[in-house]
Amino acid sequence: VKIVSNMNEALDHIERYGTNHTEAIVTKDYGRAQRFLEEVDASVVLVNASTRFNDGNQLGLGAEIGINTSKLHAFGPMGLEELTTQKFIVYGDGQTRG
């Protein structure tokens, strides 16, 4: 977590220290939120919502049977479907998950 003085500083920080797994922004500026969603490279990007929503069941994928902390979810022999990644976008207005 880092409080930054501008959007470019935020994006630079995420690019350097981010996980490519889950990234979030808290902002009132819709344009800033859209830029964040477009430019941040992560499997789940959230606007004004808790990063705890990155959960298979919460995303409608069913129960999790394994944990992967990268964007590529398959291992071993892979076809076209396994080489395709998804980027989930979550909009909120302050929701948390207890």
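Please read all numbers here as calculations on a predicted model, not as lab measurements.

Draft legend 1. A look at the overall build of the chain. Tallying secondary structure elements over the chain gives two helices and three strands in all. Helices and strands appear in the chain in the N-to-C order α-β-α-β-β. Residue burial in the chain is summarised as follows: out of 98 residues, 30% are buried. Sequence-distant contacts, at least 24 apart, represent 55% of the contacts inside the chain between residues at least 6 apart. For the chain, the exposed area adds up to about 7,100 Å²; of that, 52% sits on carbon and sulfur atoms.

Draft legend 2. Quick peek at helix H1 (residues 7-17). Turning to H1, its buried residues are Met7, Ala10, Leu11 and Ile14. All buried residues of H1 lie within an arc of 95° about the axis, which places them on one face of the element. Turned more than 90 degrees away from the buried face of H1, the exposed residues are Asp12, Arg16 and Tyr17. Considering only its buried residues, H1 is in contact with strand S1 (22-25) and helix H2 (30-39). Residue Asn6 occupies the N-cap position of H1, its side-chain oxygen lying 3.1 Å from the main-chain nitrogen of Asn8.

Draft legend 3. Local environment of the pairing of strand S2 (residues 44-49). Most of S2 sits inside the fold, with six of its six residues counted as buried. What joins S1 to S2 is H2, and the crossover it makes is right-handed.

Draft legend 4. Summary view of the environment of Gln95. Along the polypeptide, Gln95 turns up in strand S3 (residues 88-95). By relative accessible area, which is 35% here, Gln95 ends up partly exposed. A C-alpha to C-alpha distance of 7.3 Å links Gln95 and Asn48, two positions 47 residues apart in sequence. Discounting chain neighbours no more than four positions away, the residues touching Gln95 are Asn48, Ala49, Ser50 and Phe53.

Draft legend 5. Just the nonpolar core, in detail. Counting 11 residues, the largest nonpolar core is built from Met7, Leu11, Ile14, Ile25, Ala33, Phe36, Leu37, Val40, Ala42, Val45 and Val47. Counting residues per element, the ones that place at least two in this core are H1, H2 and S2. In this structure, Leu37 is in contact with Val45, Val47, Lys87, Ile89 and Tyr91, ignoring residues within four places of it in sequence. Grouped together as the second largest cluster of nonpolar side chains are six residues, Val44, Leu46, Leu59 and Val90 included.

Draft legend 6. Structural view of the pattern of salt bridges. A complete count under the given rule lists three salt bridges for this structure. Between Glu9 and Lys2 there is a salt bridge, with the nearest N and O atoms lying 3.5 Å from each other. Judged by relative accessible area, which is 25%, Glu9 ranks as partly exposed. Classification of Lys2 as partly exposed rests on a relative accessible area of 44%. A salt bridge links Arg97 to Asp55; its shortest N-O distance comes to 3.9 Å. With Arg97 in the segment after S3 and Asp55 in the loop between S2 and S3, this residue pair connects regions lying 42 residues apart in the sequence. Given the relative accessible area of 27%, Arg97 is considered partly exposed. On the accessibility criterion, Asp55 (17% relative accessible area) is buried.

Conventions and cut-offs
Residues numbered from 1 in each chain as written. Predicted model: local features only at pLDDT ≥ 70, side-chain atom pairs only at ≥ 80, totals over all residues. Heavy atoms only, no water. Helix = DSSP H or I, 4+ residues; strand = E, 2+ residues; numbered from the N terminus. Buried < 20%, exposed > 50% of the residue type's maximum accessible area, 1.4 Å probe, protein only. Contact = heavy atoms within 4.5 Å. Areas by Shrake-Rupley, 256 points an atom, 1.4 Å probe, with all protein chains shown as cover. Arc of directions from axis to C-beta. Polar contact = N/O pair within 3.5 Å; in protein donor to acceptor, adjacent residues only side chain to side chain. Right-handed = clockwise from strand over helix to strand, strands pointing away. Core = buried A, V, L, I, M, F, W, Y, C linked by side-chain atoms within 4.5 Å. Salt bridge = Lys/Arg side-chain N within 4 Å of Asp/Glu carboxyl O.

Just distances and angles here, no functional claims.
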